[in-house]
Amino acid sequence: MKLTRKEFLLTAAATLAGIAGTKTLSTVKAAADDSTGASTPRWAMAIDFQKCRWDQGCNQCVQSCNEAHNIPDVPQKSHEVKWIWKEQYKSVFPQQSQWIDPALTSHPLMLLCNHCGTPPCTRVCPTGATWKRDDGIVMMDWHRCIGCRYCMAACPYDSRSFDFADPRPDIVNINPAFPTRTKGVVEKCNFCEERLGKGQRPACVEGCREHALIFGDLNDPASQIRSVLRSRYAMQRNQELGTGPAVFYLL
Amino acid sequence: MIEKALTGSKRYWYWVSLLLVCVATGAVMYMRQLSYGLGVTGMSREVSWGLYIGQFTFFVGVAASAVMVVIPYYLHNAKQFARVAIIGELLAVSSIIMCMLFILVDLGQPERVLNVLLFPAPHSVMFWDMVSLSGYLLLNAVIAYNTLNAEQRGLPSPSWLKPVVYLSIPWAISIHTVTAFLYSGLAARPLWMTAVMAPRFLASAFAAGPALLILLIVILQKSAGYDPGEEVIGKLATIVTYAASVSTFLVLVEIFTGLYSGMPHDREALTYQYGTLHGLWGMTAWMWFSSLLMIGALFVLYIPSLRKSRVALITACGAVFVSLWMEKGLALIVGGFQPSPVGVLTAYRPTCTEWAIALGIWSLGALMLTMFLKVTVTIRAAVQ
């Protein structure tokens, strides 16, 4: 059989399209089959305004997180990488009462990924590089992320950072137990899933000397977080967006 | 067929060389971005999309606007459009390739781009954007190639091409609708989360695209002696006038809703664009320049005697194109990030590297279009 160049190119294109189509179909099918029903924990965190000592310069939660997760100390502020950071009450809760006791609201609050019940970031991710686990943790796969930053546009909490350059030279002390990231990917708080897997509490919770951070399972009625949410008024950021945040601020 | 683009006058080769130099400059600067990371751009943690995504959005519109010549010619049998329909389709092909390149240079990990195919995510609008854009590229490439191929052999277009052309019409609407959904589906960004986004995108596309077509026709008349006729220029001018009016109307509707309702985030986002917010003159000068260009263009387009003057029409079309380019190609994207969810305003200015990479992509688009049009003009001249 003699092929002209045109026929060869057409056949090659058709074959490639066929391979791509088959692969797509099988992946979509696998995704559809993936259903779970087991009762699993729903991890959440509560931050106690009254105990937090940020006004006195305590920064222990941020430091513990930075050390545990190889967070680079990027000199250029606009390219900053942060998993936990602080903001003033009035920028975190602009829609809430500004007349609360200044002792509680005048110092900055701790911010982190809210590990939403219906996360907008995982919905928009075109590769499944960020997804929600059954226990509610919103995860990142730094090997799959293509760096399109759609998740950053979709996050209503400003929780995601992008590695605008290789972060490794800016890491003060590399923790060999946790992966470092490459340039061009998005990263954020992972609720210390690597520690939870070993039965430990998140690094920020361990680091807080004032016990202002309460971490636990919302599905367990006997957990400390459930008890504290029963008895105290708790605020959630941008609740009206329907994201179901798992981070609570206790007044 | 493509060999016809490889012979030409001195002027043709000067133009091609100029474009090649710009493409090479863009490529060199992209190498720099590739080795350092997106830190060489003006983007930041707060403004995480900028010129690249803006230009992507704008050129999806230019590509979609091909229907403004395809509909009259194929659906309404308006013969005046006979020599323009192909220009629209070729412009669509070049624009879509530019769009894909703008997405590619915006990626932090471009070598992983095939993950979009390997791990398809139908819940992501970006997945559907990829499907619709590649489909539209394929449709227009098939239509343009087969039309020209038939003409070259002195045959009528193959009969199976008609349904393909009809399919390309809703497909064109879909590419810009899906692109609007990229933004309007985000609750985190009040400036974007509006149902008017898709209609507004289509209206601005149908103004900017035909405005560019009029300019291209004028260039072809002067430089290649290819004359699609005066009548079609008048028809296109009417299309630009209506579409630019609808687009402006929709912008005003947005501004009213955001400001009058007093919703804090919408109000702040709009104030950042058109006024002063927290004492900062955000993008005010940029937005007002764009608005004044549009007002001036509409003035010219609304007055028949002015619109019929060649110089005035060219100026008005240039103004419409630049105005919408400024608004949709940059301001709309950057504005969506202002203020950030925690109320921070962050200035964004594209860096020289970013402009050079964009210049490289525009030049590559212009180069492709030049070559496509050269082939078309040569084939049609030979047929006559």
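Everything below is about the structure printed above this text.
Residues numbered from 1 in each chain as written. Chains lettered and ligands numbered in written order. Predicted model: local features only at pLDDT ≥ 70, side-chain atom pairs only at ≥ 80, totals over all residues. Heavy atoms only, no water.

> Give a description of the overall build of chain A that names residues and reports values.
Broken down by element type, chain A carries nine helices and ten strands. Judged by the C-alpha coordinates and their principal axes, chain A covers about 85 × 45 × 35 Å. With the model as given, the accessible surface of chain A reaches about 12,300 Å², and the carbon-plus-sulfur share is 55%. Taken as two groups, the 30 positive and 25 negative side-chain charges of chain A have centres that lie 5 Å from each other. (Helix = DSSP H or I, 4+ residues; strand = E, 2+ residues; numbered from the N terminus. Areas by Shrake-Rupley, 256 points an atom, 1.4 Å probe, with all protein chains shown as cover. Lys, Arg positive; Asp, Glu negative; His and termini not counted. Charge placed at Lys NZ, Arg CZ, Asp CG, Glu CD.)

> An account of a nonpolar patch on the surface is requested, with residue identities and associated values reported.
Residues and elements named next belong to chain B. Side chains of Leu104, Val113, Leu114, Leu117 and Leu118 sit close together on the surface and give an oily, nonpolar patch of about 370 Å² of accessible area. Position of Val113 among the secondary structure elements: in the loop between helix 4 (85-106) and helix 5 (115-118). Val113 sits in the partly exposed class, given a relative accessible area of 31%. (Patch = residues over 30% accessible without salt bridge, like charges linked within 9 Å, V, L, I, M, F, W, Y side chains within 5 Å. Salt bridge = Lys/Arg side-chain N within 4 Å of Asp/Glu carboxyl O. Buried < 20%, exposed > 50% of the residue type's maximum accessible area, 1.4 Å probe, protein only.)

> Lay out the pattern of salt bridges with the relevant residues and their values.
Tallied over the full model, the rule gives 16 salt bridges over all chains. One salt bridge in this structure joins Asp166 of chain A and Arg168 of chain A, with 4.0 Å as the shortest N-O distance. Classification of Asp166 of chain A as partly exposed rests on a relative accessible area of 33%. The class for Arg168 of chain A is partly exposed, based on a relative accessible area of 35%. The closest approach of N and O atoms between Glu151 of chain B and Arg380 of chain B, which form a salt bridge, is 2.7 Å. Of this pair, Glu151 of chain B sits in helix 6 (residues 125-152) while Arg380 of chain B sits in helix 14 (residues 352-383), and the two are 229 residues apart along the sequence. Linked through salt bridges whose partners overlap, the residues forming this network are Lys77, Glu80 and Lys82 of chain A.

> An account of the environment of Tyr36 of chain B is needed here, citing residue identities and associated values.
Positionally, Tyr36 of chain B belongs in helix 1 (residues 10-36). In this structure Tyr36 of chain B comes out as partly exposed when scored by relative accessible area, which is 44%. The residues contacting Tyr36 of chain B, other than those within four sequence positions of it, are Phe164, Ala165, Asp166 and Lys183 of chain A. (Contact = heavy atoms within 4.5 Å.)

> Outline empty space enclosed by the protein, supporting the account with residue identities and numerical values.
Residue and element names in this part refer to chain A. A full pass over the atoms with the stated rule returns eight cavities of 30 Å³ or more. For the largest cavity, the full set of lining residues is Ile47, Cys52, Arg53, Trp54, Cys58, Cys61, Met110, Cys208, Glu210, Ala212 and Leu213. Considered class by class, the residues forming the lining of the largest cavity number nine nonpolar, no polar and two charged. (1 Å grid on protein atoms, 1.4 Å probe; cavity = no way out; pocket = protein on both sides within 12 Å on 5 of 7 lines; lining within 4 Å. Points joined across faces, edges and corners; volume = space filled by probe spheres on them. Nonpolar A, V, L, I, M, F, W, Y, C, P; charged D, E, K, R; others polar.)

> Got a sec to walk through the nonpolar core? Specific residues and values, please.
Membership of the largest hydrophobic core comes to 187 residues, with the highest contact counts inside it found for Met45 and Met110 of chain A together with Trp49, Tyr183 and Trp192 of chain B. For this core, the element with the highest residue contribution is helix 8 (residues 197-224) of chain B, accounting for 16 residues. Leave out the neighbours within four places in its chain, and Trp49 of chain B touches Cys148, Arg149, Tyr150 and Ala153 of chain A together with Met43, Asp106, Met126, Tyr183, Trp192, Ile333, Val334 and Phe337 of chain B. With nine residues, the next largest nonpolar core counts Ile214, Leu218, Ile225 and Ala246 of chain A among its residues. (Core = buried A, V, L, I, M, F, W, Y, C linked by side-chain atoms within 4.5 Å.)

> Break down the pairing of strand 10 (residues 247-250) of chain A for me, with residues and values.
Residues and elements named next belong to chain A. Because side chains alternate across strand 10, one face comprises the buried residues Val247 and Tyr249, and the other comprises Phe248 and Leu250, equally buried. As paired strands, strand 1 (residues 43-48) and strand 10 are joined by four bridges and run parallel to one another. Counted as the bridge partner of Ala46 is Phe248 from strand 10. In terms of strand pairing, strand 9 (residues 234-235) meets strand 10 through two bridges, oriented antiparallel. Residue pairing in the sheet places Ala234 in a bridge with Leu250 of strand 10. (Pairing = 2+ DSSP bridges.)

> Just give me the short version of the interface of chain B and chain A, but keep the residues and values in it.
Listed by partner, the interface residues are 42 residues for chain B and 48 residues for chain A. Among the residues chain B hides against chain A, the three largest losses belong to Arg45, Arg112 and Val342 of chain B. Together they make up 22% of the total. Summed over the shared surface of chain B and chain A, the number is two salt bridges. We note a salt bridge from Arg149 of chain A to Asp106 of chain B, for which the minimum N-O separation is 2.6 Å. Put simply, chain B and chain A have 25 residue pairs in polar contact (both at pLDDT 80 or more) between them. Mapped by element, the contributors of at least two residues to the side of chain B that touches chain A are helix 1, helix 5, helix 6 and helix 7 (161-184) of chain B. (Buried area = accessible area lost by both parts, 1.4 Å probe. Polar contact = N/O pair within 3.5 Å; in protein donor to acceptor, adjacent residues only side chain to side chain.)

> Please provide a residue-by-residue account of helix 11 (residues 284-302) of chain B, values included.
Residue and element names in this part refer to chain B. Relative to the 27 Å expected for 19 residues at 1.5 Å per residue, helix 11 spans 27 Å between its end C-alpha atoms, a close match to the ideal helical length. Restricting attention to buried positions, one finds in helix 11 the residues Thr284, Met287, Ser290, Ser291, Met294, Ala297, Leu298, Val300 and Leu301. Taken together, the buried residues of helix 11 touch helix 9 (230-261), helix 10 (264-274), helix 12 (304-308) and helix 13 (310-336). (Expected span 1.5 Å × (residues − 1).)

> Give me the lowdown on the side chain of Ser64 of chain A, citing residues and values where you can.
The topology assignment puts Ser64 of chain A in helix 2 (residues 60-68). Accessibility expressed as a relative area gives 14% for Ser64 of chain A, which makes it buried.

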